[in-house]
Amino acid sequence: MLNQSKIDTQKYWENYTGKEGWATWDGYGLYGDDHNSRVRINYTYYNSWPLMQRIIAWYQEIDPDGRHCDYSVIDDGSQKDSIKDHLNDIPDHWKVYLIPKDMGWNNEGARNCLMKETSNKWNLLLDSDYVITQNNLKKIVQAAGSNWLDAGTMYYPGNFGPSQGRNSYLITKQEFWRRGGYDQ
């Protein structure tokens, strides 16, 4: 009987969203923009195409069609190796933004732009030397979609130890702006 219930639930959500397989990810719930509970993964980019290639390849391996998360990258004024020179190598389901002028160290300003543009409630802001493992990403997606997380809390994925500061975290758009975003 439990299997029948799971099938009926999956069909219900497929019919509701019009998206085949919408309610599955190896047993984890899949929530879409319909409920504004999808997690958006946000990266900044600056003259580092080989690094961005590795990031994209990682997520293409674990979420090739962007069915489980949304993805954004913003070029923070690259003048030598602009992301716009690599648009054909970026999956269509990724949103790409460009700051045309190099303003010096502007990672925080670029992140403010990403958070201004997002329509997702939950956002992972990640340093470009950091990716989320598939298992942890499933847990984050499930927690965000199930309302287990406190929308007024900023969460750090993984444990870096008590003396480690990281600029990679999960936060709601509302909480990001309630705290004032980054001071540019």
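So, how was this worked out
- Residues numbered from 1 in each chain as written.
- Predicted model: local features only at pLDDT ≥ 70, side-chain atom pairs only at ≥ 80, totals over all residues.
- Heavy atoms only, no water.
- Helix = DSSP H or I, 4+ residues; strand = E, 2+ residues; numbered from the N terminus.
- Buried < 20%, exposed > 50% of the residue type's maximum accessible area, 1.4 Å probe, protein only.
- Contact = heavy atoms within 4.5 Å.
- Areas by Shrake-Rupley, 256 points an atom, 1.4 Å probe, with all protein chains shown as cover.
- Phe/Tyr/Trp six-rings, centres within 6.5 Å; stacked < 30°, edge-to-face > 60°.

K.L.:
Give me the lowdown on the overall build of the protein chain, citing residues and values where you can.
P.N.:
If you tally the helices and strands in the protein chain, you get 5 helices and 5 strands. Overall, the protein chain shows an N-to-C arrangement of helices and strands of α-β-α-β-β-α-β-α-β-α. Within the protein chain, the fraction of its 184 residues that count as buried is 42%. Excluding contacts between residues fewer than 6 apart, the proportion of contacts in the protein chain whose partners are at least 24 apart in sequence is 69%. Accessible surface computed for the protein chain: about 10300 Å², of which carbon and sulfur atoms make up 48%.

K.L.:
Hey, could you go over the environment of S72 for me, with residue numbers and the actual values?
P.N.:
As for its placement among the helices and strands, S72 is situated in strand β2 (residues 69-76). Judged by its relative accessible area of 1%, S72 falls in the buried class. Considering only alpha carbons, one finds S72 and I41, 31 residues apart in sequence, at a separation of 6.2 Å. Beyond its immediate chain neighbours, meaning those up to four positions away, S72 contacts R40, I41, N42, Y43, W94, K95, Y97 and L114.

K.L.:
Explain the packing of aromatic side chains to me, and be specific about the residues and the numbers.
P.N.:
According to the stated counting rule, one finds 8 aromatic pairs in the structure shown. Between Y43 and Y59, the ring centres sit 6.1 Å apart and the planes meet at 55 degrees, which makes this aromatic pair tilted. Taken together, the residues span a long stretch of sequence, with Y43 in strand β1 (residues 39-45) and Y59 in helix α2 (residues 49-62) at a distance of 16 residues. No difference in accessibility class separates Y43 from Y59, as the two residues are buried. An angle of 50 degrees between the planes, with centres 5.4 Å apart, marks the rings of Y59 and Y71 as tilted. Taken together, the positions of Y59 in helix α2 and Y71 in strand β2 put the pair 12 residues apart, joining distant regions of the chain. The same class applies to Y59 as to Y71, namely buried.

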